[in-house]
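Close look at the chain arrangement
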Amino acid sequence: MRANMLITSQTCYSTPCLLSAAIITVPEAISRISHLRTVGFRTLLLLNLKMTWILTVLSGACFILLGSVGDCKEKLSSRTMSFHQTQLGEKQGQVLTRQRRDDTASPSPTFTACKLPLTPYELGVLDQNTHETGFHGDDGASFTLTWVGDGTGVILVLSTISAPLDSFFEGASSRLYRSADYGKSFYDISHLINNTFIRKDFGILPGPGNSHQVILTAETPVLNNSGGVIFISTDAGVSFKSVQLPFHPAQPITFHFLNPEYLVVISIDGGLWLSVNFGAVWIKAHEGTYSYTWGSGITLFFSSSPTGTVESDRRGELLLKRTEDLGKTFTTVAENVFSFGYIGGFLFASIIETLGAPRVLYVSSDQGDNLNKAKLPSASTEQFYSVLDGDEDMIFMHVDDAGEESYFGTVYISDDRGILYSKSLEHHLFGGEGKSDFTNVTSLRGVYLTNILEEDGRIRTVITFNRGGNWRALNKPQNVECGEDEGNCNLHIHGEHSRFNSITPMLPLSDPTAIGLVIAHGSVGDSISSTRPDVFVSEDGGYSWRGALRGAHHYSILDSGGLIVAVEAHPRDGQINTIKFSTDEGQCWKVYNFTKQPIFFAGLASEPGTKTMNISVWGYRPDENNQPMWVAVTIDFQSILTRECRTDDYVQWLAHAPEGGDSAMDGCVLGYKEVFFRLKKNSVCRNGRDYVVSRQISPCPCTREDYLCDYGYYHHENSSECLKQPEAVDQTLNVCQNGEEVELIPSGYRKVPGDYCVGGFTPLRREESAKRNCGSSSQPATPSEHSALPVSVTQVRGSPMSRETMVLVVACIGVVTVILVAVASVVYTVTRMFYRNRVPAYRFSALQFQDDPERVTVTNRASVDSDDDLIE
């Protein structure tokens, strides 16, 4: 049993993964000791624990050499993140098929960060509104933080250990804490779950949106138990009810994105289980399930193996099915499926049409009623597709270039059907670890940035302001001087590739409520540098930048962009006691000492979104008995921003317009202009929780910039015209839409999806209905492993055939069929004889979706592929 614990909360002298939940892990030495938390081991280990902790405190610099603290990684939900500590000897970034390449290290021009002193009034007010909690006696190896609802201030904290349940003890317990004031105070509510041991990996699951539902999954041994146990709460953790499951979950239970009463999960034996009453009753809907995802409404897509088959996913023999009535009836959408996913209203399926043939991508924009082959290059066993981003208008698709160590591919953008694709960006970096730097700047419409791998081996950052229509390098930051190399000096942004390689602790950060604001780690020069990155800030969506903070930091956007906070990522002695904050979009910073006793930093956490003004710094330090103690320090910045913003605190701002420009087309992007009302930099006030982005929209005439090169055409680098690709042939494209086949005739241009321009430049693009039914089977042609590729049947125009001619054609077809069957039989027999003692080895990586909490495809397969984080 666990020792008694006392939680102390006090007002002290004090201060992103900006998601609602976090797993925080202590050093390995402490973690290993905490694994042995039985009465017999406790006394024996006490002395070692004290000595270890004293050495840790006295050797701060050495401690930092052992690993970096505070690395965060997003999990399945936007309310989940994890803080990791890298231990000495761990091989970060090691992959099996592709080696990690080193970024080019080059010196970066410097800048001077603007710092302002705290006034005595600000210091006093912050001291009064800083709250420190010490979790005395809690020897848990990790803490999981989960925010429940929106604006409720409720946080659930789960303290667990790292050891398996049956390794050292039986009947161990977790600790569960609850805060109802944004983390200013916590209370132990473990008795509400009977001190049950809760799983560490997916033990705590909050409901979607503003629901107050919470699910805790108990750690239940499979042997001698027919099913697992969950605890459910409908009042944000005030009370819990125990539910005995008729199965053992193999993964986190998934909420429906709109109705939290609907739950789905896969059991350890591959069963697909559904509940329509928040887990009170469960129904087994299907067997042999591999993965699933919610579609539109209550549509649920899932893949399953045919009866009597094994490893169907590795051979591309899965069935893609859907249910539109929560498991009562099923429809087979496609066969011979290798992988599938759903994003932005588009259903994707990677299909092997014939044995040994490259995979091809099929797309549906009508929930699987009609599947069309995407006009994309096929993918061999060494290649993959990756859906980078998407919405109801279009998707960005990365297609890996051929070659096991290519490290790059081509980005294509689709039409509004998801079928026709145009080339957008070549040499797009996609590291061997399966990480892409593709980032949607959510604070300004149409903006994306990513990194490319040039032929000279250098990595450079490019940005688009019109959803992939054009890409260009980032401008040099305004407060950085490049000297004689001014002509070859740009800002380059670190993304997922750099975070995976422990170069930066955070990804670029933006939010739709903080218009134009972007915070990111980067370096200045001719390419990205692997040396220490700095923090840069843009206030206009990426057009211009400023150097904000020297060195790597964890940062967070609060009060809809009216406040930015940051904590140094790698302090010299490994401990922190200060937090930096800015009220002018990162131009100048003030530093506040939030505690007299420094802590070993573990993570920075705030409520999801940017409405809150509370920030929590999590870490650990020795208590009065020299035992490690978890500490949470929560700072309420509303205490210094007491005045609500008035109308005269805001100023009009035309997005996408150059400063000082007066052209009638200034600000025209994707067919219209947007004028926002933004907070003035010198206005020190609070936007507040009720703040809503205000904007005015006006349409624009169409120009060449509103159009992409159509399928089969390319944009010549020395011309704005779209030229036909030499290998393209003159042909119409047959697309199945609403059960009717449509003939699409490319003419060189098509409007950018989501572009609403009117008049002006309007190239012709013809669509003619062929009046032929299609899609009746709700699946593409999926022949057996010995049949030929599907053939598109077209109507032959001309005079009708005579009876004699038809008989002759039928006879010829019969003779050819007999010959082909005979040949195929011989080949099949010889092949079976030759390969009868061989097991085919496949190495697949087909379809990946970038992390997005609202569109997750859940899988129940332990991948042995080298690209194991690709959705296959």
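Report on the accompanying structure. Fair warning: this is a prediction, and the values are worked out from it, not measured in the lab. (Residues numbered from 1 in each chain as written. Predicted model: local features only at pLDDT ≥ 70, side-chain atom pairs only at ≥ 80, totals over all residues. Heavy atoms only, no water.)

**Re the overall build of the chain**
Scanning the chain from N- to C-terminus turns up eight helices and 59 strands. The burial tally for the chain puts 56% of its 872 residues in the buried class. About 37900 Å² of surface is accessible on the chain, with carbon and sulfur atoms providing 53% of the total. (Helix = DSSP H or I, 4+ residues; strand = E, 2+ residues; numbered from the N terminus. Buried < 20%, exposed > 50% of the residue type's maximum accessible area, 1.4 Å probe, protein only. Areas by Shrake-Rupley, 256 points an atom, 1.4 Å probe, with all protein chains shown as cover.)

**Considering the environment of Y448**
Within the secondary structure layout, Y448 lies in strand β31 (residues 448–453). Measuring from C-alpha to C-alpha, the distance between Y448 and F438 comes to 7.2 Å, with ten residues separating the pair along the chain. Apart from residues lying up to four places away in sequence, Y448 is in contact with D389, F396, F438, T439, N440, V441, V462, I463, T464, R467 and W471. A polar contact is formed between the side chain of Y448 and the side chain of D389, at a distance of 2.9 Å. (Contact = heavy atoms within 4.5 Å. Polar contact = N/O pair within 3.5 Å; in protein donor to acceptor, adjacent residues only side chain to side chain.)

**Comments concerning the environment of C685**
By secondary structure assignment, the location of C685 is in the loop between β47 (672–679) and β48 (695–699). With a relative accessible area of 1%, C685 lands in the buried category. Along the chain, C685 and L641 lie 44 residues apart, while their C-alpha atoms are 5.4 Å from each other. Excluding its chain neighbours within four sequence positions, the residues that come into contact with C685 are D559, L641, R643, E644, C645, D649 and L679.

**With respect to the sheet that holds strand β16 (residues 263–266)**
Within the open sheet, the four strands sit side by side as β15-β16-β17-β18. Their pairing is antiparallel. For this open sheet the edge positions go to β15 (254–255) and β18 (283–286), each flanked by a neighbour on one side alone. With four bridges connecting them, β16 and strand β17 (residues 272–275) associate as antiparallel partners. Opposite I266, over in β17, you have L272 as the bridge partner. (Pairing = 2+ DSSP bridges.)

**A short note on the side chain of N501**
Relative to the elements of secondary structure, N501 occurs in the loop between α7 (496–500) and β35 (518–525). Here the side chain of N501 touches H497 through a polar contact of 2.7 Å, landing on its backbone oxygen.

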